[in-house]
Amino acid sequence: MVRSEHRITLQEYATSEWPIQGQNEGLDGVIMAIADGSRLVQQQVQQAALVDALGATGDTNVQGEIVQRLDKASSDIFVATLSRSGQVAAIGCEEIERSVIAEINTPGGYIVLMDPLDGSSNIDVAVSIGSIFGIWKKGQGEMVNEDSLLRPGNQQIAAAYVVYGSSTVLVVATNGKVSGFTLDIEAGIFSLTHPGIKIPDECAYYSTNEGNNNVLDEPTQKAITLLRDKYSQRYVGSLVADFHRNLLKGGIFAYPADQNRKDGRLRLMYEANPLGFVAEQAGGAASTGYQRILDIIPEQLHQRTPLILGNKDVVEETVAVINAGQKD
Ligand code: AFP
């Protein structure tokens, strides 16, 4: 296959774009650690059925959900690559109940919260899955402990996610800039393929689990019906894949609270906050239905939240319908 012109590699981009004006020193190391880990996870995802790595471990995680063998493998991989980077002081992870604190409390450094493999129920059926990362910077000289991870999303300095789909794409958001890199599997190199991502003004899709309709309250049902009347439905069941499509094509993702899930389904610290940050940097928005996601003051590492995420105008319209209904 003939390749087009030389593309900027992630390594080249990382060294020139991060750190930004002398700030965020070492952020390039964190992003490269995520890229290194995602290459290994991509290989495992691709090979899983051939090397008998599909299926569950037999354990449940802190949320009471079944842990897939690839969940565990991905968690181990990213903990290792992030720890090795020397830039990460603490890691919070969906698959690990307590946070992982680096042995040496470095004076600088980053705090990373991650969902190492999002969309577990899609692993065994060859449907797109992904990894999600929120990145915070700890204070100069600050000693981190478990509570240090409970920072609001508006203090993130970067966020990233990877989609393992028909291609493997890493998207990184820093202040005001969202860039996408595609993995050349043969060369093992990520190159810039999606510079300056902005959510298109036009909303094409809505993504929600329509099977939950009967357990939504009336205002939320109304808001979803309005989305159904205007847009095409696309729902993969891996947040990261649904979000990626909506980011590139224009769309809104909604997993609101319902009778069975009063606090919502998705995790604040390593799903909603990072993707909310990416959405905002790309011109979009993220809300619980009542509050900006990034302004939530977290209480627990694994807490859940309702999530409405995507095109700013459509998120705002949806939130307005939900709120108007509550006042009736
Ligand atoms: P799993 O990792 O357990 O498959 O959950 C995936 C997820 O957290 C998120 O990626 C999806 O958007 C959402 O759950 C799908 O939930 P439903 O299966 O209830 O629609």
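Placed above this text is the structure.
(A) Just the pairing of strand β5 (residues 110-118), in detail. For β5, the tally of buried residues reaches 9 of 9 residues, placing the bulk of the element in the interior. Direction of pairing for strand β3 (residues 88-93) relative to β5: parallel, over a ladder of 5 bridges. Among the inter-strand pairings, G92 is bridged to a residue of β5, identified as L113. With 7 bridges connecting them, β5 and strand β6 (residues 129-137) associate as antiparallel partners. Among the inter-strand pairings, D115 is bridged to a residue of β6, identified as I132.

(B) Summary view of unusual backbone geometry. Phi is positive for A126, which is not a glycine, with a value near 60 degrees. Counting through the fold element by element, A126 comes out in the loop between β5 and β6. Using a relative accessible area of 76% as the deciding quantity, one classes A126 as exposed.

(C) Looking closely at the sheet that holds strand β11 (residues 205-207). Here we have 5 strands laid out as an open sheet, ordered β12-β11-β13-β17-β15, and mixed in their pairing. The sheet terminates laterally at β12 (232-233) and β15 (285-287), the two strands that pair on one side only. As paired strands, β11 and β12 are joined by 2 bridges and run parallel to one another. Directly across from Y205, in β12, lies its bridge partner S232.

(D) Looking closely at the sheet that holds β6. Reading across from one edge, β4-β3-β5-β6-β7-β8-β9-β10 is the order of the 8 strands in this open sheet, with mixed pairing throughout. Whereas interior strands pair on both sides, the edge strands pair on one side only; in this sheet they are β4 (96-101) and β10 (189-194). Going across the sheet, the axis of each strand differs from the next one's by a mean of 20 degrees, ignoring polarity. Helix-sheet contacts for helix α2 (residues 27-47) involve β3, β5, β6, β7 (156-164), β8 (168-174), β9 (177-184) and β10, and the interaxial angle to β7 is about 15 degrees. Sheet strands in contact with helix α5 (residues 239-249) are β5, β6, β7, β8 and β10, and its direction is about 105 degrees off that of β7.

(E) Examining the pairing of β8 more closely. Counting buried positions along β8 yields 7 of 7 residues, so the element is predominantly enclosed. Where burial is concerned, the two faces of β8 agree: the one with T168, L170, V172 and T174 and the one with V169, V171 and A173 are both buried. Once β7 ends, the chain turns through 3 residues before running back antiparallel as β8. Where β8 lies against β9, 6 bridges are found, and the strand directions are antiparallel. Residue pairing across strands places V171 opposite G180, the latter belonging to β9. Hairpin geometry of β8 and β9 is characterised by an intervening segment of 2 residues between the two adjacent antiparallel strands and by a positive phi of about 80 degrees at G176.

(F) Highlighting the pattern of salt bridges. Counted by the stated rule, this structure contains 14 salt bridges. Among the salt bridges present, the one from E146 reaches R98, with a minimum N-O distance of 3.2 Å. Taken together, the residues span a long stretch of sequence, with E146 in the loop between β6 and β7 and R98 in strand β4 at a distance of 48 residues. The class of E146 is partly exposed, set by a relative accessible area of 34%. Relative accessible area serves as the criterion here: at 54%, R98 is assigned to the exposed category.

What counts, and where the lines are drawn
- Residues numbered from 1 in each chain as written.
- Predicted model: local features only at pLDDT ≥ 70, side-chain atom pairs only at ≥ 80, totals over all residues.
- Heavy atoms only, no water.
- Buried < 20%, exposed > 50% of the residue type's maximum accessible area, 1.4 Å probe, protein only.
- Helix = DSSP H or I, 4+ residues; strand = E, 2+ residues; numbered from the N terminus.
- Pairing = 2+ DSSP bridges.
- Axes fitted to C-alpha atoms, helices over the stretch in contact; angles between N-to-C directions.
- Contact = heavy atoms within 4.5 Å.
- Salt bridge = Lys/Arg side-chain N within 4 Å of Asp/Glu carboxyl O.

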